[in-house]
Amino acid sequence: MKKTILFFSLLLILFTFNYSKAEAGYYYSYYGTVIDSIEPYRHVKTITPPDLNIQFGELTDMFIFKDKIYLLDGKLNRIVVLDENHQVVKTYPQDSNYDNIGMSNPKGLFVTDEINENGSAITYIYVADTGKSRILKIRENGLYKEFTTPDELIFQGDNAVAYKPEKIAVNSTGKMYVIATGVYEGILELDPDGTFSRYVGTNKVAISLIDRFWMLFMTKEQRNKLNLYLPTQFLNLDIDKENFVYTVSQTSDGSGNDMIKRLNTKGFDVLTRTGYFPPKGDISYIWWYSQDVPNGLSSLVDITVNEYGMYSVLDVKRGRIFTYDYNGNLLYIFGGNGKQVGTFSNAVAIQYVGDNLYVLDSTSNTISIFEPTHFGALVNQAAQLDYLGDYDASTEAWKETLKYNNNYYLAYRAIGRTNYVNGDYKEAMENFKLAYDKTNYSLAYKEYRNERLKQYFPIIVVLIFVAVGVLLYSSVRDNYRQSQETGRNE
Amino acid sequence: MKSKAFFQMLYQDVIKFPTYLISHPFKGYEDFKFGKKGKFYVALIFLILMSLVQIIKFTSTGFILNPNNPKDLNSIKIASFVIVPIVLFSIANWNVTTLFDGKGKMKEIFMMVCYSLFPYIIASIIVVIGSNFLTLEEAMLLDLVNYIGILGVVYLMFFGMINIHEYSPLKVIITTILTIVAIGVILFIALLIFTLVKQIYTFIYALLRELAKRY
């Protein structure tokens, strides 16, 4: 009787705990296999249309500037501004009769401020008005400027491409970077007055080996009938505080290694890729068709950079967010598609606000806010200290992260780095081994081997001398004996 | 005393004669074929050693130079990657050379290929040991050793084929190319048979099920 009571009470205790939400993340090992990790970010809030007492058609882009959230509605053709308390404060166009702003299917949004002659900052909203082939620059009280089709060859003549700006970013000098549909030459760079300056960051054209093989046997007419081999298009962009343009695009060669780029002012890709894998979202995935799970590479749709060189990319296919540090090391992965609160069905935009991440979902028209867990905050802190060059402090933070996640390679690497600098080569070797950092392991091993050699060098020299001496002695003795024997025989 | 003689014989057969083959390929292979110096058990030892060395290479190469995940170790797979190509080559080469007036028997071809592995086995042992004591910059040395081993294999096989089949060098090259083609044909036929057998199996299985359901 006692036992049954105990049993049922135990059952009761078991079921009273709430297992509703499993908080588990994952990470990639050195070999590209999935390993368990702790959840780096936690969903804290979702802003939904009913909360705001406003109706949305389809939100296509989001930008957060000075704690204000700017939302672009591509169906109702308006911009909605929320304040820091997530309440609607303004909409553009302000009244429906004011048709200067009258947009048509706008897709891209960017907000920045300029300092005018009086020394006060004025906030400007840039909108890529896709349907009306123009870019709008909107001020507090209404439309400020309108930039129509740029004066470029491909937009003129018989085979003119329709100018359809999709995404826009503006750097600190006021230059506009515009991604437009059907423009395969790269990102359009427009001067602050709207004149076309040049293309930056052209993607490469990749023709597969099989296609090349078949092309060998084709006549010129056949080849002309083929589909054009076009470079992949850029999908989205962001600008960091040093005016580097971060872009995401589809892969051009199937490997996915070129999906994320960091373009300098010359338009060259300068992204550092020193992690175990180049930044490209998911590393292991199924590549064959399946009804149950999405297959293939991540399809990255947005990128956001913070002031410490960390960037997060948003994968719409699986609804995941991947964060990398300025060296291209994968820091953590979180998020997922689904119907629950905190998951996405069609995530289209992501942005940093401090350390928090805001994700816009265009199907449900909601904004999900994620805040770092203790582990995530530690990783952020460590990555930021690394970026600033304060390696001692960052190593302390990395060490803390190991308490939450034993498999965290980056932490071992950081500890090994500190050991190496301090001259503890043996410990450095151990930590680099745990981190699978072969280059640094090799360096540490070199120093360690030199130490060992120095330590044993006298003994080795003495041993060599002894060996040579013994050999010499024995051969001389043999010779002597031989000569004596031959002498005796004579 | 008996064991001493045994070890002496082993030393003669496994180490001394293969080294002699490297330094005197023509005379060595003459002894190999007509002087009964080439022994089948030695060939098998080399084959097993080669498989073992490949497995050890997978697990025990130094950390810096080892790209393998220890969890992926499959010793049967590694061993079959050594044994199957050698057996295939022996069969294919015999097939081709009998048509081209080759004098070698299949057993001789197989033994010759196994004996040719000797330099690569030695090189692999050096690479495995060396990789545990060298840094990343010095790893080029090991690459060099590895290439020398491969070159040794090619060298021994080339002269082996000249002597065993009593061929001219040009004929050896031609028959080697044809051997590779023959390997392709053999693999194709093997695949065909495999799929056919599988289809027959599924057919009989379906038939039996049908019968079982009806009666």
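Preceding this paragraph is the structure being described.
Residues numbered from 1 in each chain as written. Chains lettered and ligands numbered in written order. Predicted model: local features only at pLDDT ≥ 70, side-chain atom pairs only at ≥ 80, totals over all residues. Heavy atoms only, no water.

Asker: Which residues make up the packing of aromatic side chains, and what are the values?
Answerer: Residues and elements named next belong to chain A. This structure, assessed with the given rule, holds 43 aromatic pairs over all chains. On the basis of an interplanar angle of 90 degrees and a centroid distance of 5.4 Å, the ring pair of Y30 and Y276 is categorised as edge-to-face. Taken together, the residues span a long stretch of sequence, with Y30 in the loop between strand 1 (25-28) and strand 2 (34-37) and Y276 in the loop between strand 18 (260-263) and strand 19 (300-305) at a distance of 246 residues. For the pair Y326 and Y387, a centre-to-centre distance of 5.3 Å together with 80 degrees between the ring planes defines the contact as edge-to-face. Here Y326 is found in the loop between strand 21 (320-324) and strand 22 (330-334), whereas its partner Y387 is found in helix 5 (residues 374-388), with 61 residues between them in sequence. Overall, Y326 belongs to the partly exposed group, its relative accessible area being 25%. Judged by relative accessible area, which is 25%, Y387 ranks as partly exposed. Against the face of Y124 rests K137, its NZ or CZ located 4.6 Å from the ring centre. Over the ring of Y276 we find R413; its NZ or CZ atom is 5.2 Å from the centre of that ring. (Phe/Tyr/Trp six-rings, centres within 6.5 Å; stacked < 30°, edge-to-face > 60°. Helix = DSSP H or I, 4+ residues; strand = E, 2+ residues; numbered from the N terminus. Buried < 20%, exposed > 50% of the residue type's maximum accessible area, 1.4 Å probe, protein only. Lys NZ or Arg CZ within 6 Å of the ring centre and 35° of its normal.)

Asker: Which residues make up unusual backbone geometry, and what are the values?
Answerer: All names here are of chain A. Here H86, not a glycine, exhibits a phi torsion of approximately 60 degrees, which is positive. Along the chain, H86 falls in the loop between strand 6 (78-82) and strand 7 (88-92). For H86, a relative accessible area of 13% corresponds to the buried category.

Asker: Provide a residue-level description of the interface of chain B and chain A, including the pertinent values.
Answerer: Every contact between the two is made by 14 residues of chain B and, on the other side, 12 residues of chain A. In total, chain B and chain A occlude about 1,100 Å² of area from one another, counting both sides; carbon and sulfur atoms represent 59% of this. Considering only the surface of chain B that becomes buried against chain A, F63(B), I64(B) and T135(B) emerge as the three largest contributors, covering 49% of it. Summed over the shared surface of chain B and chain A, the number is two salt bridges. A salt bridge links K446(A) to E137(B), with the nearest nitrogen and oxygen atoms 2.9 Å apart. For the pair chain B and chain A, the number of links is eight residue pairs in polar contact (both at pLDDT 80 or more). Looking at the side of chain B that touches chain A, its residues break down into seven nonpolar, five polar and two charged. (Contact = heavy atoms within 4.5 Å. Buried area = accessible area lost by both parts, 1.4 Å probe. Salt bridge = Lys/Arg side-chain N within 4 Å of Asp/Glu carboxyl O. Polar contact = N/O pair within 3.5 Å; in protein donor to acceptor, adjacent residues only side chain to side chain. Nonpolar A, V, L, I, M, F, W, Y, C, P; charged D, E, K, R; others polar.)

Asker: Which residues make up the pattern of salt bridges, and what values go with them?
Answerer: Residues and elements named next belong to chain A. Counted by the stated rule, this structure contains 23 salt bridges over all chains. Notably, a salt bridge pairs D315 with R318, separated by 3.8 Å at the nearest N-O pair. The class for D315 is buried, based on a relative accessible area of 0%. Since its relative accessible area comes to 10%, R318 is described here as buried. Linked through salt bridges whose partners overlap, the residues forming this network are D282, D315, R318 and R320.

Asker: Which residues make up the nonpolar core, and what are the values?
Answerer: All names here are of chain A. Counting 49 residues, the largest nonpolar core has I260, L331, W398 and Y408 as its most contacted members. Each of domain 1 (34-372) and domain 2 (406-490) accounts for three or more of the residues forming this core. With near-sequence residues (within four places) excluded, W398 lies in contact with L331, V379, A382, A383, D386, Y408, L410, A411, A414 and R417. Judged by nonpolar contacts, the second largest core, of 43 residues, contains Y92, Y124, F147 and L188. (Core = buried A, V, L, I, M, F, W, Y, C linked by side-chain atoms within 4.5 Å. Domains from an automatic or database assignment.)

Asker: Which residues make up the pairing of strand 15 (residues 196-200) of chain A, and what values do they have?
Answerer: Residue and element names in this part refer to chain A. Note: strand 14 (residues 187-190) against strand 15, four bridges, orientation antiparallel. Within strand 15, the residue paired with L188 across the bridge is Y199. The antiparallel hairpin formed by strand 14 and strand 15 contains five residues in its connecting segment, where G194 sits at a positive phi of about 95 degrees. (Pairing = 2+ DSSP bridges.)

Asker: Tell me about the environment of S124(B), and name the residues and values.
Answerer: Residue and element names in this part refer to chain B. Looking at the element boundaries, S124 is found in helix 6 (residues 118-131). A relative accessible area of 0% places S124 in the buried class. Separated by 25 residues in the primary sequence, S124 and G149 place their C-alpha atoms 7.6 Å from one another. Discounting residues that sit within four places of it in the chain, S124 has contacts with V53, Q54 and K57.

Asker: Describe in detail the side chain of S368(A), supporting the description with residues and values.
Answerer: Residue and element names in this part refer to chain A. Along the chain, S368 turns up in strand 25 (residues 366-372). Residue S368 is classed as buried on the basis of its relative accessible area of 2%. Excluding its chain neighbours within four sequence positions, the residues that come into contact with S368 are H43, K45, T46, F344, L357, Y358 and V359.

Asker: Give me the pairing of strand 1 of chain A: which residues, what numbers.
Answerer: All names here are of chain A. Here strand 1 shows two buried faces, one formed by G25 and Y27 and the other by Y26 and Y28. The pairing of strand 1 with strand 2 spans four bridges and is antiparallel. When the sheet's bridge partners are listed, G25 is paired in strand 2 with S37. Here strand 1 hands over to strand 2 after five residues, with G32 in that stretch at a positive phi of 85 degrees.

Asker: Describe the environment of H43(A), and please don't skip the residues or the numbers.
Answerer: All names here are of chain A. As for its placement among the helices and strands, H43 is situated in strand 3 (residues 41-47). Between the alpha carbons of H43 and N356 there is a distance of 9.9 Å; along the sequence they are 313 residues apart. Side-chain polar atoms of H43 contact the backbone oxygen of K45, separated by 3.1 Å. Within the structure, H43 has its side chain in polar contact with the side chain of T46 (distance 2.6 Å).

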